[in-house]
Amino acid sequence: MADLTKQLQHLLKQGAELFHPSGKAPLLFAEATEDWKEFSTLTPEKEGLQQNHYQITAADFDKPTGKLYVAYSKTDYLQVRPVPFEALKSHRQLLEQWYLLLTREKLPQQAQVEQWPIQQDHCLQRVVLDDLFQDCWYNHLNRSKPAYRQLDNLQLGQSLQLLSRMEREGEPLVAALNVSSLTFRGKI
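Residues numbered from 1 in each chain as written. Predicted model: local features only at pLDDT ≥ 70, side-chain atom pairs only at ≥ 80, totals over all residues. Heavy atoms only, no water.

1. What to know about the packing of helix α3 (residues 121-133) against helix α5 (residues 153-169)
Next, step 1: Running from amino to carboxyl end, α3 crosses α5 at an angle of 125 degrees, the nearest separation of the two axes being 10 Å. Judged by the inter-axis angle, α3 sits oblique to α5. The chirality of how α3 crosses α5 is right-handed. Residue-level contacts link L124, V127, V128, D131, L132 and F133 of α3 to Q155, Q158, S159, L162, L163 and M166 of α5. (Axes fitted to C-alpha atoms, helices over the stretch in contact; angles between N-to-C directions. Helix = DSSP H or I, 4+ residues; strand = E, 2+ residues; numbered from the N terminus. Parallel < 35°, antiparallel > 145°, perpendicular 65-115°, else oblique. Left-handed = near helix turned anticlockwise from the far one by under 90°. Contact = heavy atoms within 4.5 Å.)

2. Describing the sheet that holds strand β4 (residues 38-44)
Pairing between the strands of a sheet comes from backbone hydrogen bonds, and it takes one of two forms, parallel or antiparallel.
Next, step 1: Pairing in this open sheet of 3 strands is antiparallel, and the strands run β3-β4-β5 from one edge to the other. The sheet is open, and its two borders are formed by β3 (29-32) and β5 (49-55), each paired with just one other strand. Along the sheet, successive strands turn relative to each other by an average axial angle of 10 degrees, direction set aside.
Next, step 2: As paired elements, β4 and β5 share 7 bridges and run antiparallel to each other. The residue bridging S40 from the neighbouring strand is H53, located in β5. (Pairing = 2+ DSSP bridges.)

3. Some remarks on α3
Next, step 1: Taking 1.5 Å per residue as the helical rise, α3 with its 13 residues ought to reach 18 Å, and the 18 Å between its terminal C-alpha atoms agrees with that figure.
Next, step 2: Listed in full, the buried residues belonging to α3 are C123, L124, Q125, R126, V127, V128, L129, D130 and F133.
Next, step 3: On its buried side, α3 packs onto α2 (88-114), α4 (147-150), α5 and α6 (171-184).
Next, step 4: Remark: Q134 follows α3 within two positions and exhibits a positive phi of approximately 50 degrees. (Expected span 1.5 Å × (residues − 1). Buried < 20%, exposed > 50% of the residue type's maximum accessible area, 1.4 Å probe, protein only.)

4. Some remarks on the packing of α2 against α5
Next, step 1: Here α2 crosses α5 at 25 degrees, and the two axes come no closer than 10 Å. The angle between α2 and α5 places the two elements in the roughly parallel class. In the packing of α2 onto α5, the handedness of the crossing is left-handed. Counting all contacts with α2, which are made through H91, R92, L95, E96, W98, Y99, L102, T103, K106, L107 and Q110, the residues of α5 involved are N153, L156, S159, L160, L163, M166 and E167.
Next, step 2: In terms of residue class, the contact of α2 with α5 is built from 9 nonpolar, 5 polar and 4 charged. (Nonpolar A, V, L, I, M, F, W, Y, C, P; charged D, E, K, R; others polar.)

5. A closer look at the pattern of salt bridges
Next, step 1: One pass over the structure, following the stated rule, counts 6 salt bridges.
Next, step 2: The shortest N-O distance in the salt bridge between R185 and D130 comes to 2.7 Å. On the criterion of sequence distance, the pair formed by R185 in the segment after α6 and D130 in helix α3 is long-range, its members being 55 residues apart. An identical accessibility class is assigned to R185 and D130; each is buried.
Next, step 3: Connected via shared salt-bridge partners are R92, E96 and R149. (Salt bridge = Lys/Arg side-chain N within 4 Å of Asp/Glu carboxyl O.)

6. Some remarks on the pairing of strand β7 (residues 67-71)
Next, step 1: Of all 5 residues that make up β7, 4 are buried, and the element is covered over most of its length.
Next, step 2: Looking at chain direction, strand β6 (residues 58-62) and β7 are connected through 5 bridges and run antiparallel. Paired with D62 across the two strands is K67, which belongs to β7.
Next, step 3: Where β6 folds back on β7, the antiparallel hairpin that results is connected by 4 residues, among which G66 adopts a positive phi of roughly 70 degrees.
Next, step 4: Relative to strand β8 (residues 77-82), β7 runs antiparallel, the two being bridged by 4 bridges. When the bridges of β8 are listed, Y69 appears paired with Q79.
Next, step 5: From the end of β7 to the start of β8, which pair antiparallel, there are 5 residues.

In structure tokens form, the structure reads like this:
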């Protein structure tokens, strides 16, 4: 199972697509439970990010093709495959666009309406990045460059996963992330 997790992380770092019975989509992030009994995906939709959860019946990585297969019934399965070379740049741009849309527009608006303890874009980015590194983010990245541009695709996908959770769960999660971030920084 650890090998499957490594292969999935490798695919996400380089850029991955998700093929499923109803078509294909850019795969922003995916993760499986340690025992590979459950699998979740994060893909872009017209109205926002779509998170899906699957109960896995089987999973396998095909080394010759570089594809990960995840079955969730006797007849239905997901296929995670590398983004074609010519689409790598647009895949990265998609990850960055969603990060900026969520941190600069959607979540600040939601934060203001719901009166979150932090509402500005840079504060929302701070808590996400600090959570990603489990430390003050600028201990890991160059502060003179945009942080999101320095993340690899896997890290950017993990950030989108957390931003999506913040959008769904709201103030309780954001408050906890803020306390954690301030603790990393020695302010609490």
